[in-house]
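Coordinate inspection notes
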Amino acid sequence: MRSSQPFAGRRSWLVAATLAVAAFAGACRESLDSGAVCPATSPLCPGQGVEIRDTIINPVLAFDSTYDGFPGRGAEFFLPLVSRGDTVQTVVVVRYDSLSTFYLPALDTARPITYLDSARIRLRIDLTRASVPDSVNIDVYDVDDGGADDTASAPILARLTPQYRIGGGTFAKAQIIDSLYVSLKDSVVLARVRDTLPVTKGRMRLAIRVTGNGPVTFRLGSVESSAPVTLYYRPANDTSARALEIAPASAGPTDRTDLRRDLMDYVLIEKNALPTIPGTMTIGGVPGRRVYLRFNLPKGITDSTTIIRATLRLTQARYPFGSEEDSVIIHPHIVLASQFVTDNRRASTLIGLTGLVITDSLSVVPRDSGQRTIELYALVRQWAAQSASPNAPARAV
């Protein structure tokens, strides 16, 4: 199961399951002479009743675990910017490793950039389920320390200090709309454009952080959503010169093409002081957590009954540290990994699309508590049909 809001408060759960089954306790025999002949007590014959039983399976789980770090770095469709005072703080990192160092004047040849102004970034903001106070501070930092490419977070977080702040501003709530420009220091951007060192030539790397006079939560578009944070600067002291538009790009690590794409833009957790509740499974939060449940259904249930209802019962434990305004939608997903995939974290990433086989979902508030249910009828029927296959997927969500 996963949350559609990775930055929302955490939810904690305990699990059981209920199955409604039609149990058949007899058989029809066929006579070639007289047709079908049924015992009077057979529930399989026309006109006979079918016994419906509710069966509570508890414990129902063969395995359960909570895995964090979802979605993976660079795979975020949206990039959550969160500021919750002393508890949670995220930053968004964007790489521009292909800065334009030349420009083309009208009716002229290309020239190196020796001057620029109007440096800024454009944020494309998703305000769905956002929390925006009356005043929001957006700070932009130069987080390129000049070293070789690596995946470490510590060098980036170490540069989130006033010394490396190169842009930003204070914005009223009404200004936080779907598109927002944030100014940068022209001198810093020009220095990056004119940099000739082999390692850092033509590259600039930024970190974006928000704070406010209250909790702040909203999301930025990413490369994956085709709405990334874009860099602009005008390359000449001429009002007719058009600003250059620079899209995110990552030049390293040079030996990992897949990782280079992941590092174009991503989220880092600067701070997370929220505790977990012992003895429960936790979903959502920062970093995003995903619960993996593998079920232990008795053979008699899947092989000799017809399942007409299957309900997963979850007991939500109240999470006292969530905001009262938080709410979250939880979507269960069918696991597509076969039973031979023994790495359960890996299996929890091999899942079907939202709504595939399982159409139910949950809408909850972290500070609530009580029993919640998810209907798994179609999924359990599918498991029963696949019970004889040696390559059937694991019975997991």
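Rules used in this analysis
Residues numbered from 1 in each chain as written. Predicted model: local features only at pLDDT ≥ 70, side-chain atom pairs only at ≥ 80, totals over all residues. Heavy atoms only, no water. Helix = DSSP H or I, 4+ residues; strand = E, 2+ residues; numbered from the N terminus. Buried < 20%, exposed > 50% of the residue type's maximum accessible area, 1.4 Å probe, protein only. Contact = heavy atoms within 4.5 Å. Areas by Shrake-Rupley, 256 points an atom, 1.4 Å probe, with all protein chains shown as cover. Arc of directions from axis to C-beta. Phe/Tyr/Trp six-rings, centres within 6.5 Å; stacked < 30°, edge-to-face > 60°. Lys NZ or Arg CZ within 6 Å of the ring centre and 35° of its normal. Core = buried A, V, L, I, M, F, W, Y, C linked by side-chain atoms within 4.5 Å. Salt bridge = Lys/Arg side-chain N within 4 Å of Asp/Glu carboxyl O. Patch = residues over 30% accessible without salt bridge, like charges linked within 9 Å, V, L, I, M, F, W, Y side chains within 5 Å. Pairing = 2+ DSSP bridges.

Describing the overall build of the protein
Secondary structure summary: the protein contains six helices and 25 strands in total. Expressed as a percentage of the 397 residues in the protein, the buried residues total 45%. Pairs at least 24 apart in sequence give 80% of the contacts found in the protein among residues at least 6 apart. Accessible area for the protein stands at about 19100 Å²; split by element, carbon and sulfur atoms hold 51% of it.

Quick notes on helix α2 (residues 186-193)
Within α2, the full set of buried residues consists of Val189, Leu190, Arg192 and Val193. Projection of α2 onto a plane perpendicular to its axis shows the buried side chains occupying an angular sector of 160°, all on one side. Where the residues of α2 are buried, they touch β11 (117-131), β12 (135-142), β15 (204-212) and β17 (230-234).

Details of the packing of aromatic side chains
The description of an aromatic ring pair rests on the distance of the ring centres and on the angle between the ring planes. Tallying each qualifying case throughout the model produces three aromatic pairs. Ring centres of Phe77 and Phe78 lie 5.3 Å apart, and the angle between their planes is 85°; this geometry places the pair in the edge-to-face category. Taking the relative accessible area as the measure of exposure, Phe77 reaches 49% and is therefore partly exposed. When the ring centre of Tyr164 is taken as origin, the NZ or CZ atom of Arg159, which lies over that ring, is 3.8 Å away.

Quick word on helix α6 (residues 377-385)
Listing the buried residues of α6 in full gives Leu379, Val380, Trp383 and Ala384. Mapping the buried residues of α6 onto a view down its axis gives an arc of 140°, with all of them on the same face.

Observations regarding the nonpolar core
Counting residues in each nonpolar core, the largest one holds 41 residues, and the members touching the most others are Ile121, Ile208, Phe218, Leu220 and Tyr233. Residue contacts for Ile208: discarding those within four places in its chain leaves Leu81, Thr90, Val91, Val92, Val94, Ile121, Leu123, Ile138, Asp139, Leu220 and Val229. Leu312, Val328, Ile374 and Val380 belong to the second largest nonpolar core, which has 23 residues in total.

Some details on the environment of Ala251
Inspection of the secondary structure puts Ala251 in the loop between β18 (244-246) and α3 (257-262). Once the C-alpha coordinates of Ala251 and Tyr96 are considered, the two residues, 155 residues apart in sequence, prove to be 8.7 Å apart.

Overview of the pattern of salt bridges
Going through the model one piece at a time under the given rule, you end up with nine salt bridges. Among the salt bridges present, the one from Arg219 reaches Asp126, with a minimum N-O distance of 2.4 Å. Linking Arg219 in strand β16 (residues 216-221) with Asp126 in strand β11, this pair joins segments that are 93 residues apart in sequence. Across the pair Glu224 and Arg261 runs a salt bridge, and its minimum N-O distance is 4.0 Å. Taken together, the residues Glu224 in the loop between β16 and β17 and Arg261 in helix α3 connect sequence positions 37 residues apart.

Digging into a nonpolar patch on the surface
Taken together, Leu336, Leu353 and Leu356 make up a surface patch of nonpolar side chains, about 320 Å² in accessible area. Note on placement: Leu353 falls in the loop between α5 (344-347) and β24 (362-364). Assessed through its relative accessible area of 70%, Leu353 is described here as exposed.

Some details on unusual backbone geometry
The backbone phi angle of Ser118 is positive, close to 60°, even though this residue is not glycine. The exposure class of Ser118 is partly exposed, given its relative accessible area of 37%. Although it is not a glycine, Ser226 adopts a positive phi angle of roughly 60°.

Considering the pairing of β12
Each regular strand shows side chains that alternate between the opposite faces of the sheet. For β12, the buried fraction is high: six of the eight residues fall into the buried class. One ladder, built from seven bridges, connects β12 with strand β13 (residues 165-172); its direction is antiparallel. Bridging from a neighbouring strand, Ile138 pairs with Gly169 of β13. In the sheet, β12 pairs with β15 via seven bridges, with the strands oriented antiparallel. Paired with Tyr141 across the two strands is Ala207, which belongs to β15.

In short, the description is geometric, and any link to function would need to be established separately.
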